[in-house]
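Examination of the molecular architecture
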Amino acid sequence: MKDLEGIFVLSLEQAVAAPYASGRLADAGARVVKIERPEGDFARGYDRYVQGNSAYFVWLNRGKESIRLDMKEEADKALFARMLAKADVFIQNLAPGALARLGFPVEELREKYPRLIVCSISGYGEEGPYRDQKAYDLLVQAESGLVSVNGTPEGPARVGVSVCDIAAGMSAHQAILQALYARERTGEGRAIAVSLYHAMADWMNVPYLQYAYGGHVPQRVGLKHPTIAPYGAYPCADGKELLISIQNEREWVRLCREVLERPELPEDPRFSDNSARVANRTDLDGIVADCFARRGREENIERLKAAAIAYSRLTDLEDLTQHPQNRYVTVETPEGPVRLLAPAAKVVGEKEEFGPVPALGEQDETLRKEFREK
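Everything in this summary refers to the structure shown in the same document. Remember, it's a predicted structure, so these values are computed and weren't measured experimentally. Residue positions within a chain follow its written sequence, with the count starting from 1. Local features in a predicted model are, by the rule used here, given only for residues with pLDDT of at least 70; side-chain atom pairs are given and counted only at 80 or more, and totals for whole chains, interfaces and linings are based on all residues. Only hydrogens and water are set aside when side-chain values are computed; all heavy atoms of the structure are taken into account.

1. Overview of the pairing of strand β5 (residues 117-122)
What counts is decided by this rule: Residue burial is assigned from relative accessible area. The probe radius is 1.4 Å, only protein chains are included, and a residue is buried under 20% of its type maximum, exposed over 50%, and partly exposed in between. Numbering goes from the N terminus for both helices and strands, where a helix is a DSSP run of H or I of at least four residues and a strand is a run of E of at least two. Any two strands between which DSSP finds at least two bridges are classified as paired.
Within β5, six of the six residues are buried, leaving the element largely enclosed by the surrounding structure. Neither face of β5 is exposed, since Ile117, Cys119 and Ile121 on one face and Val118, Ser120 and Ser122 on the opposite face are all buried. Pairing analysis gives four bridges linking strand β4 (residues 89-92) to β5, with the strands arranged parallel. Its bridge partner being in β5, Ile91 is matched across the sheet by Cys119. Pairing geometry for β5 and strand β8 (residues 191-195), over five bridges, is parallel. The residue bridging Ser122 from the neighbouring strand is Ser195, located in β8.

In structure tokens form, the structure reads like this:
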């Protein structure tokens, strides 16, 4: 028996954030019914790279049932209401106020179904001056300040995955699990509000605190750490790059002695502690780069391993597809099986099994029959 077997999740969802949350509940065994508009979740059309399917959709929608509803039609709204009456969890990421305009305000749902857990995901929250501002991932990356600390000295850059959507989906998943646990003790559901902006603002607390209390503006430094040195990427003799990270003075001494072969550097006032090294990063990086450029990447790695210094290769997507640490899961799609990188959390000793990705409206007939008016 899976952990959430017997939990019924109804999700009026599209795009990334809400499907991420409901998808993780499906992975844990919950029954998840995905309500799509008649033309389907627009994330189905983000790309066609996975055997004709969207990469985002395949990743986020395994193990769900799909039903198409036209919420402008009274018969479909009535069907939706009958499904809600049976649900343990209801997730929705319509625009703020849209659910109420359809005739299902959250306050009334909570009153009518006291055990129901309602999770509403929006761009900027249910209140405040930006409540009605449209929000997509890159827009929120910019609005939250994330892009201002990401990139290079020449300019800011987008994080290469939909990090605000994913952060909101993770936050919603955590809050729903917490609510399910609380309901076991109290018998009461709750209303949860999650926004992309607030999820990313939470993740921005370190630069926020550094600036708000210390007046420090983190600099965009590309593949370097803004407040630790040496910590960044260095090219090797074979043209491949290697990242290293020094976290304390013991590691700095070992790096100088065993890798750089410059045991005198820790005594140099420019490099005597981390603050001095950051202030003199240009000189420091030149010394480290000169050393690494004399050897190939694997030879540098052997020296770093011997000195117990943290490192990583600069992996591209081709490297990622062959990475020896990868774990994989296989899911069925309408066009055949697809192998995905596995979720981060694994229950030790248990086999990972995941449900199929539904075709658009695949369960229309069966769900309409199951929830027909008696």
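2. Remarks on the packing of helix α1 (residues 17-27) against helix α7 (residues 163-186)
What counts, and what does not: Every angle, taken between N-to-C directions, lies between 0 and 180 degrees, and every axis is a line fitted to C-alpha atoms, over only the stretch in contact when it is a helix. Working definition: roughly parallel below 35 degrees, roughly antiparallel above 145 degrees, roughly perpendicular at 65 to 115 degrees, and oblique for all remaining angles. Crossing handedness: left-handed means the near helix sits turned counterclockwise from the far one by under a right angle, and right-handed means the same turn made clockwise. Only heavy atoms enter the contact rule, under which two residues are in contact if any of them lie within 4.5 Å.
Where α1 meets α7, the closest approach of the two axes is 7 Å, and the angle between their N-to-C directions is 40°. Relative to α7, the element α1 lies oblique. When you trace α1 past α7, the crossing you get is right-handed. Residues Ala17, Tyr20, Ala21, Arg24 and Leu25 of α1 touch α7, and the partners they reach there are Asp165, Ile166, Ala168, Gly169, Met170, Ala172, His173, Ile176 and Leu177.

3. Some words on the side chain of Glu65
Rules: Within 3.5 Å is the distance limit for a polar contact, defined as a pair of N or O atoms, with the added protein rule that one can donate a hydrogen and the other accept it, and that residues adjacent in sequence qualify only through two side-chain atoms.
With respect to the helices and strands, Glu65 occurs in strand β3 (residues 64-68). Within the structure, the side chain of Glu65 is placed 2.7 Å from the side chain of Arg31, a separation counted as a polar contact. The residues contacting Glu65, other than those within four sequence positions of it, are Arg31, Val32, Val33, Lys34, Gln363 and Leu367.

4. Focus on helix α10 (residues 249-259)
An α-helix turns once per 3.6 residues; consequently, residues spaced three or four apart project the same way. Rules: Here, the arc refers to the directions that run from the helix axis to the C-beta atoms.
When we look at burial in α10, the residues that qualify are Glu251, Trp252, Leu255, Cys256 and Val259. Taken around the axis of α10, the buried residues stretch over an arc of 135°, which confines them to a single face. Those residues of α10 that are buried lie in contact with β10 (241-245), α11 (274-279), α12 (281-292) and α13 (297-306). Two or three places before Arg250, at the opening of α10, Asn248 has a side-chain oxygen 3.1 Å from that residue's backbone nitrogen.

5. Points about the environment of Ala55
Checked against the element boundaries, Ala55 lands in helix α2 (residues 55-60). When the C-alpha atoms of Ala55 and Ser312 are compared, they prove to be 27 Å apart, with 257 residues separating the residues in sequence. Ignoring anything within four residues of it in the chain, the contact list for Ala55 reads Asp47 and Val50.

6. Observations concerning the nonpolar core
Defined as follows: For our purposes a nonpolar core is just a set of buried Ala, Val, Leu, Ile, Met, Phe, Trp, Tyr and Cys residues, chained together by side-chain atoms within 4.5 Å.
Residues Val9, Val89, Ile91, Cys119, Ile121 and Ile176 are the most contacted members of the largest nonpolar core, which totals 32 residues. Among the elements that take part in this core, α7 stands out by supplying eight residues, more than any other. When near neighbours in sequence (up to four residues on either side) are disregarded, Ile176 contacts Leu25, Val89, Ile91, Cys119 and Ile192. Core analysis: the second largest hydrophobic core is formed by 26 residues, Ala87, Leu99, Leu109 and Leu116 among them.

7. Brief notes about the environment of Gly189
Relative to the helices and strands, Gly189 resides in the loop between α7 and β8. Since its relative accessible area comes to 10%, Gly189 is described here as buried. The contact partners of Gly189, leaving out residues within four places of it in the chain, are Arg110, Pro114, Arg115, Leu116, Ile117 and Arg183.

8. A closer look at the packing of aromatic side chains
Basically, it comes down to this: Whether two aromatic rings pair depends on their centres lying within 6.5 Å, for rings of Phe, Tyr and Trp, where Trp uses its six-membered ring; planes under 30 degrees apart make the pair stacked, over 60 edge-to-face, and the rest tilted.
Per the stated rule, a full pass over the model turns up ten aromatic pairs. Aromatic side chains Tyr46 and Tyr56 sit 5.5 Å apart centroid to centroid with 85° between the ring planes, which places their arrangement in the edge-to-face category. With a gap of ten residues between them, Tyr46 in the loop between β2 (31-36) and α2 and Tyr56 in helix α2 connect regions that are remote in the sequence. Measuring from centroid to centroid gives 6.4 Å for Trp252 and Phe271, while their planes differ by 70°, and the two rings are edge-to-face. One end of the pair, Trp252, is in helix α10; the other, Phe271, is in the loop between α10 and α11, and 19 residues separate them in sequence. This pair shows no difference in class: Trp252 is buried, exactly as Phe271 is.

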